[in-house]
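Observations on the three-dimensional arrangement
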Amino acid sequence: MHKRKKRWLPTAAVGGALAIGAFAFLPSLAQAMNADDPQSPTTQAAFAAAAEEFDVPLPVLLGVAHQESGWQHHTGYSETGGWGLMNLTDVTSKMVSGGAAGAAGRSDLASFTDHPELHTLRAAAKLTGASADKLQHDQKENIRGGAALLAAYQKQLTGGTAKDPAQWTAAVAKYSRLTDRKAAASYVDGVFAAIKSGAKRDAADGGSVTMKAQPSAKPMAAQYNKLKLKDAGSPKAECPPSMNCKFVPAAASNGQVSNRPANGVKITQIVLHTTEGSYENAIKTFQTAGGSSSQYVMRSSDGEVTQMVPNKDVAFGDGNYDSNLHAVQIEHEGFSAHGADWYTTAAYEQTAKLVKYLANRYDVPLDRQHILGHDNVTGPSNGTIAGMHWDPGNGWDWTRFMRMIGAPVDEGKRGVGPVGSAVTITPGFEKNQQTYNICPNDDPSGAIKKCGPVTGPSSALFVRTEPREDAPLVLDPVVHGGKDDKGTNDVSDWTTTVQAGQKFVVAEKKGDWTAIWFGGQKGWIHNPGGKNTTPAKDVRIIKAPGKDAAKVYGTAYPDAAEYPKGMSPSKQEPLTAKNYAIPAGQAYVADQPPVGAVDFSPSTQAVVKGAKKYYTVQFNHRYVLVDAADVSAKKTARH
């Protein structure tokens, strides 16, 4: 069963993060080290030896390690590619293919990793003579690698080393891998705050890593002039005038410069996410090279917003490059497993205000195939389907939110039309109490200590294989890998639910149950008297016109022959995983007309448009894309 990938959250301002449990999922030094790894008390000795070998002041080395990892050993995270206490980075094409960039199938994968800040591990290997494997897995060598980098930066910037930590300000800023002056200064301030106050952390065998306090320590701001940091002032945040917004830039490698929509790349989606941690640490995460990003981050308590990527540019937010290319991403502070508790009135109100502003500015359709959760975004390839995230989950009140943006999904009389007609899922929220199994792996807040059922309000309905309460939940063999014979009620199992506002075609009716075409199967939802559905109007019912199934896609790139000479094409291939097609006899719903295929080259800023047009179709809990030439489409009545 797929569990949500946890983001690595940097430990600057760690006190605030620990207060809400944002770091509860991170392994302790004792837990994470392998049995054959060097451990404390040699950890303290390793810092001292590396500091002496490379002539780095011990407080500087310890302070940087504290800022990078909190002195917690980690062995490489799939999204940031960081290794060890010194967070030596090595981001590979495979990581960006399956990570937040969602670049599977793209010919320009190398451009995603062509940033020196993503490969500090390789630089450290050259400086120390240690192998990359040693630097990744041997704690002593990892610390040596960090010290060697700091010393190299110091010599490059000042011509030599120094005993005074303040003289290392520029080197510490360079180690941060941040290119914005304010962001780099914030990182340096975090390092010197730790040096000033001192720190101590228990290690594996009862020993500890200790940094003695130096109350007079402070950075030398004049040294920032030694670096080529951007200091032109942040652009104005793109928000409604009445919103509390500021702009803090994300790391350059966590997105791509573009010129949407002026360059012909339309913004057609707004995707909502959950940070799985604190507001402050989400911002720091997006400032960390090699990870993900979002246009906006929203604080739960009051709806304060920090914009981190200009809307004209592409943020790496949802694991599908084609979606990222056309989307504006909004992250919400909170934890998906406890969404109903974290998604506050302030967050709903401010998100609604922001979404209405964006939708009006970019002409984004106000329906549930274009106003999405991350859990509604499909994988770009067969290999990425199972790993896509499930936030914000069913604890986000879609009924309330869509009403707030002026596009109510439950308008009209509840009920269900004849077989072959379309219905909107409208179970409400507060009265729609559902029980999910929640495990510690689903919940980085640390509140869940063991697996067990939790009942609460939900935007979703379960989909079963037969019209009865004890029938198995539908099985998605792609996600469950053939190991199970039925779906689960795990809070992270998006494969077994439909959400408020989504639209499906009625396949059969029996008593209190309604069958819908769902992910290539017939699935049943409990719908006594039609109370959980509303007949859908002004939509397109999509079918395979002949005996053969219609192909479905995770992306909508042009055909290879449509790319100009010298530009390598992205792969536009159908999803061929089991059940991923529209079989003859089944029908699905598209809210909007089909749109043309588009691709973008960040290196040349070229935009390629294809002749084919693709429908966005509600397939299961997620949408898929369908070539308009492969299907027939019948539009339902507007009233």
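With respect to the overall build of the protein chain
The number of helices and strands found in the protein chain is 17 helices and 29 strands. Its C-alpha atoms give the protein chain a radius of gyration of 26 Å, within 12% of the compact-globule value 26 Å for 639 residues. Seen along its three principal axes, the alpha-carbon backbone of the protein chain occupies a region of about 80 × 55 × 50 Å. For the protein chain, buried positions account for 61% of its 639 residues.

Focus on the packing of helix α7 (residues 120-128) against helix α9 (residues 139-158)
Running from amino to carboxyl end, α7 crosses α9 at an angle of 85°, the nearest separation of the two axes being 9 Å. Looking at the two axes, α7 sits roughly perpendicular to α9. Taken together, the residues of α9 that come into contact with α7 (itself represented by Thr120, Ala123, Ala124, Leu127 and Thr128) are Arg144, Gly145, Ala148, Leu149, Ala152 and Tyr153. Classifying every residue of the contact of α7 with α9 gives seven nonpolar, three polar and one charged.

Observations concerning the sheet that holds strand β21 (residues 533-535)
Hydrogen bonds between backbone groups are what pair the strands of a sheet, and the pairing can be parallel or antiparallel. Spatially, the five strands line up as an open sheet ordered β20-β19-β18-β13-β21, and their pairing is antiparallel. The open sheet has two edge strands with one neighbour each: β20 (521-526) and β21. Ignoring strand direction, the axes of neighbouring strands in this sheet form an average angle of 50°. Alignment of strand β13 (residues 422-425) against β21, held across three bridges, turns out to be antiparallel.

A word on the pattern of salt bridges
Evaluation of the coordinates by the stated rule reveals 20 salt bridges. Here Asp591 makes a salt bridge to Lys503, at a shortest N to O gap of 3.1 Å. Within this pair, whereas Asp591 is found in the loop between β25 (587-590) and β26 (595-601), its partner Lys503 is found in strand β18 (residues 503-510), the two being separated by 88 residues in sequence. Looking at Asp591, the relative accessible area reads 8%, which means it is buried. By relative accessible area, which is 13% here, Lys503 ends up buried. For Asp559, the salt bridge identified is with Lys612, shortest N-O distance 3.4 Å. Of the two residues, Asp559 is situated in the loop between β23 (552-553) and β24 (574-575) and Lys612 in strand β27 (residues 606-618); the sequence distance between them amounts to 53 residues.

Observations concerning helix α15 (residues 345-362)
Across its 18 residues, α15 extends 26 Å between first and last C-alpha, which sits within 8% of the 26 Å expected from 1.5 Å per residue. Every buried residue belonging to α15 is among Ala346, Ala347, Tyr348, Gln350, Thr351, Ala352, Leu354, Val355, Leu358, Ala359 and Tyr362, and all of these are buried. Residues of α15 that are buried in the fold lie against β7 (269-274), β8 (296-298), β11 (327-332), β12 (371-373) and α16 (398-404).

What to know about the packing of aromatic side chains
Scanning the model with the defined rule gives 14 aromatic pairs in all. With centroids separated by 6.0 Å and ring planes inclined at 45°, the aromatic side chains of Phe504 and Phe518 adopt a geometry described as tilted. One end of the pair, Phe504, is in strand β18; the other, Phe518, is in strand β19 (residues 513-518), with 14 residues separating them in the sequence. In this structure, Phe504 and Phe518 share a single accessibility class: buried. Aromatic side chains Tyr580 and Phe619 sit 5.3 Å apart centroid to centroid with 45° between the ring planes, which places their arrangement in the tilted category.

What counts and what doesn't
Residues numbered from 1 in each chain as written. Predicted model: local features only at pLDDT ≥ 70, side-chain atom pairs only at ≥ 80, totals over all residues. Heavy atoms only, no water. Helix = DSSP H or I, 4+ residues; strand = E, 2+ residues; numbered from the N terminus. Rg over C-alpha atoms; globule rule 2.2 N^0.38 Å. Buried < 20%, exposed > 50% of the residue type's maximum accessible area, 1.4 Å probe, protein only. Axes fitted to C-alpha atoms, helices over the stretch in contact; angles between N-to-C directions. Parallel < 35°, antiparallel > 145°, perpendicular 65-115°, else oblique. Contact = heavy atoms within 4.5 Å. Nonpolar A, V, L, I, M, F, W, Y, C, P; charged D, E, K, R; others polar. Pairing = 2+ DSSP bridges. Salt bridge = Lys/Arg side-chain N within 4 Å of Asp/Glu carboxyl O. Expected span 1.5 Å × (residues − 1). Phe/Tyr/Trp six-rings, centres within 6.5 Å; stacked < 30°, edge-to-face > 60°.

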